[in-house]
Amino acid sequence: MTHLLLDLPPMSAAHFASIEDRVARLLSTRQDVVITQGEALLPLEGAIRATAGPGTTALNVVTGPYGQTFGDWLRDCGATVIDLTVPFHTAVTAEQVRGVFTEHPEIDFVSLVHAEAATGNTNPVAEIGEVVRAHGALFYLDAVASVGAEPVLPDAWGVDLCVIGAQKALGGPAGVSAVSVSERAWARMAANPRAPRRSYLSLLDWKERWIDGGRKALLHAPAQLEMLALEACAERVEAAGLETVMARHASAAAATRAGAVALGGGLEPYVREAAEAAPVATTLRAPSGTVASDLVARALSADPALPLAAGGGALAGEMIRVNHYGPEARPGAVRASLAALGAALGETGLRVDTDGALRAADAAWR
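No experiment lies behind these values; they were computed from the predicted model shown.

Asks: I'm lost on the environment of A247 in this one. Help?
Replies: Following the sequence through the fold, A247 ends up in helix α10 (residues 242-263). We classify A247 as partly exposed; its relative accessible area is 40%. Taking the C-alpha atoms as reference, A247 lies 15 Å from L26; in sequence the two are 221 residues apart.

Here it is in structure tokens:
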């Protein structure tokens, strides 16, 4: 008895390479693109360990929890790390980055998260990239949450290592991810005696055994179902048009923000400036006297499928996240989330205007 998902012929090297080419087109990049066989934490950590070591001085921008993680990895590699930390309700600026370069001209590596889905902010990578390029540092970017929700252009922005995942705005699988790698980054890895080799974390293995070999023989058996899902995801985005997909996410963010403000009850956007809010997810500050995780639990009790979550860790008490990405970047998901939050706030005795919130959300949808 055959099974549609289990009895597939092995994926060929040519098929694998064709999916890498589709991802490269998605990023408008001429850099090498490697699809890694695991969730995006794999290439995120692998890229840092490949390019950083005791001789590295890194500027690590912290606008959320992932920035904190990157700093930990860099220190573990032996790098000297200078953290530029800004409040999670805002974004970093190119001027702030330039100021750190002035104080520390020895910096040769910059790590940055494009959009922090966990905190709801997004950073101006194009402007920051100009500053980093002028300084000459290697530029590492986490674009896992931003790709598909807003432009991600590693070549235009001077990004040397750009990591993406498909599970958020692209609406694809979580089990595979990708990284675009510049020639400068490959050279840094080759010169780094601590770069992982013969390791699942190794990007150099992919360079030397896959890319340099003409992409003729895979390093190991690929995660076939996830690769096919990634291919289907890319096909769907291509068919809709990347600009259309990004516009849906921008509309979902604008509608959620407008609806939350109109809802009242003390609910307000967590990221104060709309221009600094990520289109992949909208974070909201719970009203004074309430607990965000309790409000989310109340809202989900009526409909567990809603794209709602409380903030992680210490943010669980104050932050509500509306994850309007991928298939949830649609008016119905936004309206249902606002209605459920309105009901949850009403149960605590707060006065809300759910009808007004829905009207505001509809009006804000572009």
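Now, onward.
Asks: Would you mind going over unusual backbone geometry with me for this structure?
Replies: Leaving glycine aside, a negative phi is the common case for residues, and trans is the common case for peptide bonds. For S28, which is not glycine, the phi dihedral falls at a positive 50°. Along the polypeptide, S28 turns up in the loop between α1 (13-26) and β1 (32-36). On the accessibility criterion, S28 (52% relative accessible area) is exposed. One non-glycine residue, R215, lies in the positive phi region at around 55°. With respect to the helices, strands and loops of the structure, R215 is situated in the loop between α8 (203-211) and α9 (224-240). For R215, a relative accessible area of 25% puts it in the partly exposed group.

Asks: Would you explain the pattern of salt bridges in this entry?
Replies: Enumeration over the complete set of coordinates arrives at 18 salt bridges. The salt bridge partner of E45 is R49, with a shortest N-O separation of 2.7 Å. Here R49 and E45 lie together in helix α2 (residues 41-51), a separation of four residues that amounts to about one turn. Both residues of the pair, E45 and R49, belong to the buried class. Between R198 and D205 there is a salt bridge; the shortest N-O distance is 3.6 Å. Connected via shared salt-bridge partners are R22, R25, E235 and E238.

Asks: Got a minute to help me understand the nonpolar core in this structure?
Replies: Taken as a class, soluble globular proteins show a tendency for nonpolar side chains to be buried jointly. Counting 80 residues, the largest nonpolar core has I35, I48, L59, Y140, L161 and M189 as the members making the most contacts within it. Per-element tally for this core: the top contributor is α1, with seven residues. With residues up to four places along the chain from it excluded, the contact list for M189 reads A50, T51, L161, V181, A195, L203 and L204. Of all hydrophobic cores here, the second largest spans 18 residues; its members include L306, L308, A340 and L345.

Calculation notes
- All residue numbers here refer to positions counted from 1 along the written sequence of the relevant chain.
- In view of the model being predicted, local features appear only for residues whose pLDDT reaches at least 70, and side-chain atom pairs are presented and counted only at 80 or more, with totals across whole chains, interfaces and linings using the full set of residues.
- Only hydrogens and water are set aside; all other atoms, that is, all heavy atoms of the structure, feed into the side-chain values.
- Put simply, DSSP H or I for four residues or longer makes a helix, DSSP E for two residues or longer makes a strand, and each gets a number counted from the N terminus.
- Relative accessible area decides the class of each residue, using a 1.4 Å probe on protein chains only: under 20% of the type maximum gives buried, over 50% gives exposed, and in between gives partly exposed.
- Any Lys or Arg side-chain nitrogen located within 4 Å of an Asp or Glu carboxyl oxygen qualifies as a salt bridge.
- In plain words, nonpolar cores are sets of buried Ala, Val, Leu, Ile, Met, Phe, Trp, Tyr and Cys residues tied together by side-chain atoms within 4.5 Å.
- Every residue pair with non-hydrogen atoms within 4.5 Å of one another is taken to be in contact.

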